[in-house]
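# Secondary and tertiary structure notes
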Amino acid sequence: ELKNLLPPLSDEEYAGLEESLKEHGCLSDLIVWNDILVDGHHRYEICEKNDIPFEIKSLEFETLEDAKLWAWKHQEHRRNLTPYHRTELTLKLKDTIAAKAKDRQRAAGGDRKSDDAKSFPSTLAEPICNKETRQELAEIAGVSNGTFSKVEFIAEHADEDTKQRLRSGEKGTSINKEYHRLKAENAEPDEYDTTEFSDFGHSEKELGPPSDAEIPYPNKDKAYFPKTTLKFITQETPRPLLVNLFEIFRKGFVEELILMGMEMLLQERGKEVVKQIMTELNRKFNAKKLR
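Residues numbered from 1 in each chain as written. Predicted model: local features only at pLDDT ≥ 70, side-chain atom pairs only at ≥ 80, totals over all residues. Heavy atoms only, no water.

Turning to the overall build of the protein, a few remarks are in order. A count of helices and strands for the protein gives 13 helices and three strands. Across the 291 residues in the protein, those meeting the buried criterion constitute 33%. Of the contacts formed within the protein by residues at least 6 apart in sequence, a portion of 71% connects residues at least 24 apart. (Helix = DSSP H or I, 4+ residues; strand = E, 2+ residues; numbered from the N terminus. Buried < 20%, exposed > 50% of the residue type's maximum accessible area, 1.4 Å probe, protein only. Contact = heavy atoms within 4.5 Å.)

Its 12 residues place the ends of helix α10 (residues 175–186) 16 Å apart at the C-alpha level, agreeing with the 16 Å of an ideal helix rising 1.5 Å per residue. Residues of α10 that are buried make contact with α4 (83–90), α8 (145–157) and α9 (160–168). (Expected span 1.5 Å × (residues − 1).)

Before going further, it helps to examine the pattern of salt bridges. Under the counting rule described, the total for this entry stands at 14 salt bridges. Close ionic contact of Glu152 with Lys94 constitutes a salt bridge, the shortest N to O distance being 2.5 Å. Of the two residues, Glu152 is situated in helix α8 and Lys94 in helix α5 (residues 94–109); the sequence distance between them amounts to 58 residues. The buried category is assigned to Glu152, whose relative accessible area is 17%. (Salt bridge = Lys/Arg side-chain N within 4 Å of Asp/Glu carboxyl O.)

Right, let's get into the nonpolar core. Counting residues in hydrophobic clusters, the biggest one holds 21 residues, and the most contacted among them are Val38, Ala67, Trp72, Leu93, Ile97 and Ile140. Counting only elements with at least two residues in this core, the list comes to β1 (30–33), α3 (64–74) and α7 (126–141). With near-sequence residues (within four places) excluded, Leu93 lies in contact with Lys68, Leu69, Trp72, Leu137 and Ile140. (Core = buried A, V, L, I, M, F, W, Y, C linked by side-chain atoms within 4.5 Å.)

Across the sheet, three strands lie side by side as β2-β1-β3; this open sheet has mixed pairing. The sheet is open, and its two borders are formed by β2 (36–39) and β3 (56–58), each paired with just one other strand. Going across the sheet, the axis of each strand differs from the next one's by a mean of 40 degrees, ignoring polarity. In this sheet, β2 lies alongside β1 in antiparallel orientation, the contact comprising three bridges. Following the sheet pairing, Val32 is matched in β2 by Leu37. (Pairing = 2+ DSSP bridges. Axes fitted to C-alpha atoms, helices over the stretch in contact; angles between N-to-C directions.)

What follows is the structure, given as structure tokens:
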């Protein structure tokens, strides 16, 4: 696993390394962990074949995943990879980085849960880990967060030929070009114009999904829209937006949207903002403390 963490050297690169080792000797230590070779597989192979002396240096890692992460960060020839290929390979470390992010978050919060922590659903911690993981992976790959997200999308949706052209840096293609092409190909068609739902006349009526009789579009078998437009919704108050969401989308959609909004607020604005909102809900509805 450590040896194959990165693609093997090309024949030309391997020959160049062999010539350098024969002429100058092995100038860098091979890195081992409990007698497992972590870094220097090509040098080790060439030195053994040509009876070239080498030194080893032992490092301690808690797990194989930690050793992989160290090896990735210190292997010189990863710099010769294209940004797409480098980022694609970095995705292999996603689970490792995510686990470490969660460990750091738990350590920062301590073993004992505070009253504040109990006030927030456990799922609210996830976006923080995701954001931290994405940022760290992007830094390891040497690309921006935006580029990392695009490569992640391409890796999931592109065919092997497209990926190979990006790996090799072929002219006429790029991460941005392939990303926008794939986004367009995977976009759902905007099947219906929903501007008729932008009626703000709803006041105290019971909110909920529309009945069959209220659905104005011809295909009543398709209960809700795959896409819609909210461009006519006023920005002065959120109520018209919520009325439209309750009427157009499936039951439970608004509840999920609110939870997602709380997650995003926690991620972007911090815990104090979410805490203020929950306090305001308690005050307004005179409810028991929200859990």
